[in-house]
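Residue strings, one per chain:
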Amino acid sequence: MSIGISEDVQVLDALEHSLTYDQTVSRALVHRAAVSEVFLTDAHRRDDAEGVRVAAQWPRSHALYEPDAAGFSDPVLLVETVRQAAVYTAHRFYDVPLTQRFIFCDLRLDIDVPQPLRVGATPLHVVLDGRFTPRDNPPSKRFEARFTTTVHVDGQRCGRASVRFLAVGDELYTALRYRVATPVGGPRPARPGMLLSPTEVGQVRPENVLLSREGDGRYGMHLATGHPGYFEHACDHVPGMALVEAFRQAGHQTLRRSGELRSHLMTGCEVGFDSFGELDAPVTIRAHEHHAPSAGPGDRSVRLAAYQGEVVLARATTTYRLHSNCQPAVAV
């Protein structure tokens, strides 16, 4: 069975037409404070009204999005790239003002072919070939859209992703932000010395570990507001990307707790954001392995939720694949 390399080359030629990788886009247009945290390099509209192609370059190493022990790029880096692409498209092609506040509602990532994510001797070139679909007749004073895309890495299609968000002014943001009062009582967060080891949560650097174990299927989430990655810029709530990373880490630890000590790559992630999380209240992650009928052979799935008190901040399902199952089906 051929994996269609010539077709991949043709796809790359088509997708990269007029896209460049020489410099990053403006950091303001992707809501980043540091240029080093901008991964997009270019974008253009396709001929159809909602089509957009976005180029990105991934570094071979990064302080937060570090390749794993098997050499695969961090899948959360792909989530962040899609987030940046949605924000950039809204500002550049749909004239959403830079003063608008973005609220992400849900996201989904499916990596069908992990092999292109393996880091080599040069930075990886990424093309998102997507559709940006604004909501028709949204309520006044807000912009709502969904960005769906296929993901190509160094010319090979590896998966697909989707995000939905709102963009609102300060007044509406404040109303939505404080619509649900999250209780701040309860046990204090565990001390840093109680954090899990990087190996247990699929991380490389100790400073990026977010979790301590609080009981059977329960984890405490620990956020240092001075962390240069999770708090790349000032934020008045628990960042959504930090919740995504906490879910990924809790999924890894759940599989290890069940006796699966081999190394896995997260190949699927579906997250729905329900409420804003407060920075001065403990966050608890609850996780249990889930036997999804749609999972591929050897894939493992974990169901998760993040809570502050009884308030649900977000829910997720993450899927993992053994590294030994991430290789090409045939030798080339």
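See the structure above.
Residues numbered from 1 in each chain as written. Predicted model: local features only at pLDDT ≥ 70, side-chain atom pairs only at ≥ 80, totals over all residues. Heavy atoms only, no water.

(A) Seen up close, the side chain of Asp110. On the secondary structure map, Asp110 appears in strand 3 (residues 101-111). Engagement of the side chain of Asp110 in a polar contact is seen with the side chain of Arg108, the distance being 2.8 Å. With sequence-adjacent residues up to four places away left out, Asp110 is seen in contact with Cys158, Gly159, Arg160 and Thr267. (Helix = DSSP H or I, 4+ residues; strand = E, 2+ residues; numbered from the N terminus. Polar contact = N/O pair within 3.5 Å; in protein donor to acceptor, adjacent residues only side chain to side chain. Contact = heavy atoms within 4.5 Å.)

(B) Representation of the pairing of strand 5 (residues 142-153) in the model. Pairing geometry for strand 4 (residues 124-134) and strand 5, over nine bridges, is antiparallel. Its bridge partner being in strand 5, Gly130 is matched across the sheet by Thr149. Note that strand 5 and strand 6 (residues 156-168) share 12 bridges and pair antiparallel. Within strand 6, the position partnered with His152 by the bridge is Arg157. The antiparallel pairing of strand 5 with strand 6 creates a hairpin that spans two residues between the two strands, and Asp154 there sits at a positive phi of about 50 degrees. (Pairing = 2+ DSSP bridges.)

(C) Region of the structure containing the packing of aromatic side chains. This structure, assessed with the given rule, holds 10 aromatic pairs. Ring centres of Phe104 and Phe165 lie 5.6 Å apart, and the angle between their planes is 40 degrees; on these two criteria the pair is classed as tilted. Residue Phe104 is located in strand 3, and its partner Phe165 is located in strand 6; the two are separated by 61 residues in the primary sequence. Residue classification places Phe165 among the buried positions, given a relative accessible area of 0%. By way of ring pairs, the aromatic residues Tyr94, Phe102, Phe104, Phe132, Phe143, Phe147 and Phe165 are connected into one cluster. When the ring centre of Tyr173 is taken as origin, the NZ or CZ atom of Arg101, which lies over that ring, is 3.9 Å away. Just above the ring of Tyr307 sits the side chain of Arg286; from NZ or CZ to the centre is 4.0 Å. (Phe/Tyr/Trp six-rings, centres within 6.5 Å; stacked < 30°, edge-to-face > 60°. Buried < 20%, exposed > 50% of the residue type's maximum accessible area, 1.4 Å probe, protein only. Lys NZ or Arg CZ within 6 Å of the ring centre and 35° of its normal.)

(D) Layout of the sheet that holds strand 5. Strands sit in the order 1-2-4-5-6-3-9-12-11-10-8-7 across an open sheet of 12 strands; the sheet is antiparallel. Strands with a single pairing partner mark the edges of an open sheet, and in this sheet they are strand 1 (40-45) and strand 7 (211-215). Recorded for the sheet is a direction-independent mean angle of 25 degrees between the axes of neighbouring strands. Two elements, strand 8 (residues 218-221) and strand 10 (residues 283-290), share four bridges in a ladder whose sense is antiparallel. The residue bridging Met221 from the neighbouring strand is Val283, located in strand 10. Set on the sheet, helix 3 (residues 170-177) makes contact with strand 3, strand 5 and strand 6; between it and strand 6 the angle comes to about 100 degrees. (Axes fitted to C-alpha atoms, helices over the stretch in contact; angles between N-to-C directions.)

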